[in-house]
Amino acid sequence: MRSVQVYVEGQRLELFKDEQITIQSEQQNIKDIQSVKTDFSQTFTIPTTPNNNKIFKHFYESSIDANIDHNIRRKAHIEIDLIPFRKGEIQIEKSQLKRGQAESYSVTFYGEVVALKDKFGDELLSDISELSNESYSYTASNVLATVQDDTFGAIKFPLVLDRTVSYNTGDSDDISHSGSGAIHTDELFPAINMLTLFNVLQTRYGITFSGTFFSDDRFKRAYLHCKNANEFQFITKNVDIPLTSPLADGANFNTSLSVSDYVYDSSVNISNQEITYLFPSAGTYAQQFVEHYVEMIITDISDATQTYYIDVFNNGVIERVIQGQGNVPKSLTPYYNNQGLNNNSFTFRVRATDGITFTSTIAYYQKFTGIASNGAVTNLFNVFGGIDSMNLPQDLDVTQYIPNMKVLDFFKGVLNMFNLTCYGLGNDKYQIEPLDDWYQKGAVIDITPHVDIDTIDVNRIPLYKNIDFQYKPSKSVTNEAFRDLFSRDFGNARSSFDYDGGEYQIELPFTNLMFNRFTDTDLQVGFNVDTSLNSYVPEPSIFYMYESTNADFNMNDGSHQALTSYVPFGQDVKYQGGTSSLNFSADYSTLLNEPSQVNLFSSFYYPYLGNLYNLKNRNIKLKAILPVSLITSLQLNDRLVIRDKRYIINSMNTNVTNGEVSLDLIQDFRATLAETGVPIVDIIKPDNSAQCLDIRVLLPKNCVSASISGSSNIISITPTTITEDSTITVCIPENVVVTGQILTEDELFNLALEDGSGNDVLQEEGTVIPSEEAYILTITYTFLNGSTASSTQVIIQEP
């Protein structure tokens, strides 16, 4: 029997001696491929010892005032023979009493990915106030420049319109250079970069995401389109009203009232305090009560035609939004009487439909009302106030336009889009990477000596009858036309097999807007217009930003501008000299007019599913007794060798008390990173231009470093040594067309030339067409035990 230790927030639990603790672990299960998995245990029991009672604050006794919320999971970790095994969280489920005495607690252990889900909670993307820190000075000229700039930026403006336009038709909405129509800068909604969004999530939730995929163009050139209204209306950023400058005459105190020491600072704090009249000899009140209220006055506004919005926060939670225009007083909070009033801390933020300056005056009133027996009413006030000059710059606040979507749904949607796996590294750090990358990094471990060979089940793989990859349907007129023509949605993929399995479906929470490329030009735009040609608010959409492209069309930034280039948005992105698509299918690219062969399915799902559907594959179920050293180091992406066959782990149940592991395995026919000399990634096929390629290099398990060398025709490799998963830069020259001379047939066969001179001469000018150029990268891995292995990356450049 192994010694098992369970810790909750650093405090060790006392366990029953015979209690069995089983941890179920799975990362990608063929029964539910789209779910991101984590470790969790079966519920186990622990005794109600004084030590455990202290940790769980006598959960069984509700009359005890505890300083913890038992509905919230608590940090925990498990050790086996003092060797770290798992980190995660513990949730108390119940307590059992016998004969009126507490006997045990029931608890469940959850892995770290569940903790990440808890952090997101039910928050919406629009709740992420940190997004307001992404500065973008919103002017027509800046929007125009962004439309033509293909460099990385947090905010971009895709050419997605809420109306239809034409090209070279002579109509009033013709946006070609010969037409009178134009795309207006103030009709374009913004889009926020995906990498920017993930960075903001890290800041908000106090977490760290790691992984080389974040530096991949297939991720960092993706943008979430921010459209939550039919028409665009510019709104500035929310700016805090500082409340730091007291009124010129100071606070107004009435010495007849008991409370006159209020401190007016960065918030208005209203507390449940009694305010009483101090001079009863002046008269007796039959009734008396107290009210609190706050008033704001906007004056000196630079443009009284603009609308402003005051967001009122009560204890950090938005309570109301007050809309105003011009120099008008606004009562911001309801009246409160002194009965049942909780402590309240009010703060204020302001935004407007344009950059403006103004003066804000906020006054907090403590009002005492006394009613004498003869009906006479006495009102006395304490007034505390502040006055501040404000400047609202013309900065765009993307949270005003972000789609109505939960953070968790967005996060899961992105993981499913790129088939990313997410797992905890401890201390609120999470690794995110494509599933196939994760599998490639696993170690190859022979567990044959530990397998119970008495009973091994060899099953057929429970393959799916239908595999379906879907976006949410788009209401766009272009998508509807595609749907009517092909009886399916643009970019979706579906495969059917003569198997009796179930339905495997990946449905993203995004739509896949089909763009429209105009005839005889490289200009394409998107239409958020339905079949009735009415504007609509779409489901969230993700677009790729392509590279700058030549196209002649008109834009209006206050005056008519004839542009000759722009940055297309849509399904396509330049990637390692080729293109990659956000489609799941090989549908024709609307921009490139060619099939999207490199797409989400082929890049991120085919490696796993191709191995799964291999006719030689089998599902193996067995038991093994693993030593502590292996149980504590085994990871779900490790490849397990049993006799002469290799497997990946579909799921495993580990009894940490006796070392018995139930394994659900799938045969593995894919190469690993550490298999000497074997290319394990697709060949990179750039065009013939001189260029530098970003290539992600992953380190297998237990690898301490890798050195990268290349064939002599490579210009440079940076860096050449890495100690963690990294993106390296490989620069290659242009594969040029060489101009030269062609020899005559006479010379080639050593015959006398026509001039009879007997001299060998070159006869005519010509060109030598080059062939493809190959570049070979060799990656040599060094492991903890000093051993080495290598793999290769092949680059074949077009002629």
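Shown above is the structure to which this text applies.
Remember, predicted model here, so these are calculated numbers, not experimental data.

Draft legend 1. Summary view of the nonpolar core. One finds Phe56, Phe198, Phe209, Phe410, Phe418 and Phe553 to be the most contacted residues of the largest nonpolar core, which totals 139 residues. When sequence neighbours within four positions are dropped, the list of residues in contact with Phe418 reads Phe213, Arg218, Phe219, Tyr544, Leu582, Leu600 and Phe604.

Draft legend 2. Up close: the environment of Phe313. Summarising the element assignment, Phe313 is placed in strand β18 (residues 307-314). The exposure class assigned to Phe313 is buried, which follows from its relative accessible area of 17%. Other than its neighbours up to four places away in sequence, Phe313 contacts Ile318, Glu319, Ser345, Phe346, Thr347 and Arg349.

Draft legend 3. Highlighting the sheet that holds strand β44 (residues 691-697). With antiparallel pairing, the three strands of this open sheet are ordered in space as β44-β48-β46. A strand with exactly one partner marks an edge of an open sheet, and here the two such strands are β44 and β46 (716-718). For this sheet the average axis-to-axis angle between neighbouring strands, irrespective of direction, equals 20°. With seven bridges joining them, β44 and strand β48 (residues 726-732) adopt antiparallel strand pairing. Within β48, the residue paired with Cys692 across the bridge is Cys731.

Draft legend 4. Layout of the packing of aromatic side chains. Applying the stated criterion to the full structure yields 45 aromatic pairs. Seen in terms of ring centroids, Tyr439 and Tyr608 are 6.2 Å apart; in terms of plane orientation they differ by 15°. Their pairing is stacked. Taken together, the residues span a long stretch of sequence, with Tyr439 in helix α7 (residues 435-440) and Tyr608 in helix α9 (residues 600-612) at a distance of 169 residues. With a relative accessible area of 1%, Tyr439 lands in the buried category. For the pair Tyr499 and Tyr613, a centre-to-centre distance of 6.1 Å together with 45° between the ring planes defines the contact as tilted. Separated by 114 residues along the polypeptide, Tyr499 in the loop between β30 (493-496) and β31 (503-511) and Tyr613 in the loop between α9 and β40 (619-625) bring together distant segments of the chain.

Draft legend 5. Highlighting the sheet that holds strand β25 (residues 420-426). Strand order in the open sheet made by the three strands is β13-β26-β25, with mixed pairing throughout. Strands with a single pairing partner mark the edges of an open sheet, and in this sheet they are β13 (208-210) and β25. In this sheet, adjacent strand axes meet at a mean angle of 30° when their direction is disregarded. Looking at chain direction, β13 and strand β26 (residues 429-434) are connected through three bridges and run parallel. Paired with Ser210 across the strands is Gln431, a residue of β26. Across the sheet, helix α6 (residues 407-417) is in contact with β13, β25 and β26; its angle to β25 comes to roughly 120°.

Draft legend 6. Structural detail: the pattern of salt bridges. The final tally for this structure, using the stated rule, is 31 salt bridges. Here Glu130 ties to Arg204 by a salt bridge, and the two come within 2.8 Å at their closest N and O atoms. Taken together, the residues span a long stretch of sequence, with Glu130 in the loop between α2 (112-120) and α3 (140-148) and Arg204 in helix α4 (residues 194-205) at a distance of 74 residues. Residue Asp216 is joined to Arg696 by a salt bridge in which the shortest nitrogen-to-oxygen separation is 3.2 Å.

Draft legend 7. Up close: α9. The first and last C-alpha atoms of α9 sit 18 Å apart over 13 residues, in line with the 18 Å expected at 1.5 Å per residue. Of all the bends in α9, the greatest, near 65°, is centred on Tyr606, and the proline Pro607 appears no more than four residues after it. Along α9, the residues classified as buried are Leu600, Phe604, Tyr605, Tyr608, Leu609, Asn611 and Leu612. For α9, the side-chain oxygen to backbone nitrogen distance between the N-cap and Phe601 is 3.1 Å, and the N-cap itself is Asn599.

What counts and how
- Residues numbered from 1 in each chain as written.
- Predicted model: local features only at pLDDT ≥ 70, side-chain atom pairs only at ≥ 80, totals over all residues.
- Heavy atoms only, no water.
- Core = buried A, V, L, I, M, F, W, Y, C linked by side-chain atoms within 4.5 Å.
- Buried < 20%, exposed > 50% of the residue type's maximum accessible area, 1.4 Å probe, protein only.
- Contact = heavy atoms within 4.5 Å.
- Helix = DSSP H or I, 4+ residues; strand = E, 2+ residues; numbered from the N terminus.
- Pairing = 2+ DSSP bridges.
- Axes fitted to C-alpha atoms, helices over the stretch in contact; angles between N-to-C directions.
- Phe/Tyr/Trp six-rings, centres within 6.5 Å; stacked < 30°, edge-to-face > 60°.
- Salt bridge = Lys/Arg side-chain N within 4 Å of Asp/Glu carboxyl O.
- Expected span 1.5 Å × (residues − 1).
- Bend = angle between axes of the 7 residues up to and from the residue.
- Polar contact = N/O pair within 3.5 Å; in protein donor to acceptor, adjacent residues only side chain to side chain.

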